Amino acid sequence: MERISTFLFHQRATQEMLANQARLSRTQNELATGRRILSPSDDPSGATKSLDLKRYLASNEQFGRNIGTARARLEQQESALASATDLLQRARELAVQGNTATTGPAARAGLAEEVDQLVSQLLALANTRDSNGEYLFGGLARSAVAFTD
């Protein structure tokens, strides 16, 4: 027959109370932080999954920013191309107007001057820069002037 002393009984009770306090403290800490895994040793596989998810979320956020940047750049390019189309349409109208027999040399000189202005405007559109100062139509060399006279 084994005898349990009062000291042993108190020692086990104290150990159990300390263990309960540690579990309570951990639970309160989890509730306060809103996280189940407080350190990687709590759940190594869960910690790994958590880190993977954080990395994927960061990648997705970067993809979202890239999409926004590309969308803004494409909208600027579309606007510049629409303006270029208008300029080319006007140049075509001037060419047709200047090609008639009733247009005299002075009128043709005026039309030629307007066409020169249209060419200058078209060149300015071709060298349009985005908000970062990069040329929209520069290809891979975005910091170099895309087109020159």
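Structure: see above.
Residues numbered from 1 in each chain as written. Predicted model: local features only at pLDDT ≥ 70, side-chain atom pairs only at ≥ 80, totals over all residues. Heavy atoms only, no water.

1. Some words on helix H1 (residues 6-33)
In a regular helix each residue adds 1.5 Å, so 28 residues correspond to 40 Å; H1 covers 41 Å between its end C-alpha atoms and thus fits that length. Looking at the residues trailing H1, positive phi occurs at Gly-34, about 75 degrees. (Helix = DSSP H or I, 4+ residues; strand = E, 2+ residues; numbered from the N terminus. Expected span 1.5 Å × (residues − 1).)

2. Quick look at helix H3 (residues 105-126)
When the terminal C-alpha atoms of H3 are compared, their 31 Å separation across 22 residues agrees well with the 32 Å that a helix rising 1.5 Å per residue should span. Of the residues making up H3, those classed as buried are Leu-111, Leu-118, Leu-125 and Ala-126. Each buried residue of H3 sits inside an arc of 90 degrees when the element is viewed along its axis, so together they form one side. Counted as exposed and oriented over 90 degrees from the buried face of H3: Pro-105, Ala-106, Asp-116 and Ala-124. Along its buried surface, H3 packs onto helix H2 (44-98). (Buried < 20%, exposed > 50% of the residue type's maximum accessible area, 1.4 Å probe, protein only. Arc of directions from axis to C-beta. Contact = heavy atoms within 4.5 Å.)

3. Concerning the side chain of Gln-77
Positionally, Gln-77 belongs in helix H2. Classification of Gln-77 as buried rests on a relative accessible area of 17%. When residues no more than four places from it in sequence are discounted, the contact partners of Gln-77 are Leu-136 and Phe-137.

4. Things to note about the packing of H2 against H3
Where H2 meets H3, the closest approach of the two axes is 10 Å, and the angle between their N-to-C directions is 165 degrees. Classified by the angle their axes make, H2 and H3 are roughly antiparallel. Both H2 and H3 take part in a crossing whose hand is left-handed. Residue-level inspection shows Ala-80, Ser-83, Ala-84, Leu-87, Leu-88, Arg-90, Ala-91, Leu-94, Gln-97 and Gly-98 of H2 in contact with H3, the latter providing Arg-108, Leu-111, Glu-114, Val-115, Leu-118, Gln-121, Leu-122 and Leu-125. (Axes fitted to C-alpha atoms, helices over the stretch in contact; angles between N-to-C directions. Parallel < 35°, antiparallel > 145°, perpendicular 65-115°, else oblique. Left-handed = near helix turned anticlockwise from the far one by under 90°.)

5. Examining the packing of aromatic side chains
Each aromatic ring pair is summarised here by two numbers: the centre-to-centre distance and the angle between the ring planes. Scanning all chains against the criterion turns up 0 aromatic pairs. Directly above the ring of Tyr-56 sits Arg-55, whose terminal nitrogen or CZ lies 5.9 Å from the centroid. (Phe/Tyr/Trp six-rings, centres within 6.5 Å; stacked < 30°, edge-to-face > 60°. Lys NZ or Arg CZ within 6 Å of the ring centre and 35° of its normal.)

6. Some details on the nonpolar core
The biggest cluster of nonpolar side chains holds 7 residues, and these are Ala-80, Ala-84, Leu-87, Leu-94, Leu-111, Leu-118 and Leu-125. Secondary structure elements with two or more residues in this core: H2 and H3. A total of 4 residues in this core trace back to one element, the largest contributor, which is H2. With near-sequence residues (within four places) excluded, Ala-80 lies in contact with Leu-125, Thr-128 and Phe-137. (Core = buried A, V, L, I, M, F, W, Y, C linked by side-chain atoms within 4.5 Å.)

7. Some remarks on the environment of Ala-22
Along the chain, Ala-22 falls in helix H1. Considered as a pair, Ala-22 and Phe-9 are 13 residues apart in the sequence and their alpha carbons are 20 Å apart.

8. Some thoughts on the pattern of salt bridges
For the structure shown, the criterion picks out 7 salt bridges. Residue Glu-114 pairs with Arg-90 through a salt bridge whose shortest N-O separation is 2.9 Å. Of the two residues, Glu-114 is situated in helix H3 and Arg-90 in helix H2; the sequence distance between them amounts to 24 residues. On the basis of relative accessible area, Glu-114 is assigned to the partly exposed category, the value being 25%. Arg-90 sits in the partly exposed class, given a relative accessible area of 30%. Salt bridges here are not isolated pairs; linked through shared partners, they connect Arg-73, Asp-130, Glu-134 and Arg-142. (Salt bridge = Lys/Arg side-chain N within 4 Å of Asp/Glu carboxyl O.)

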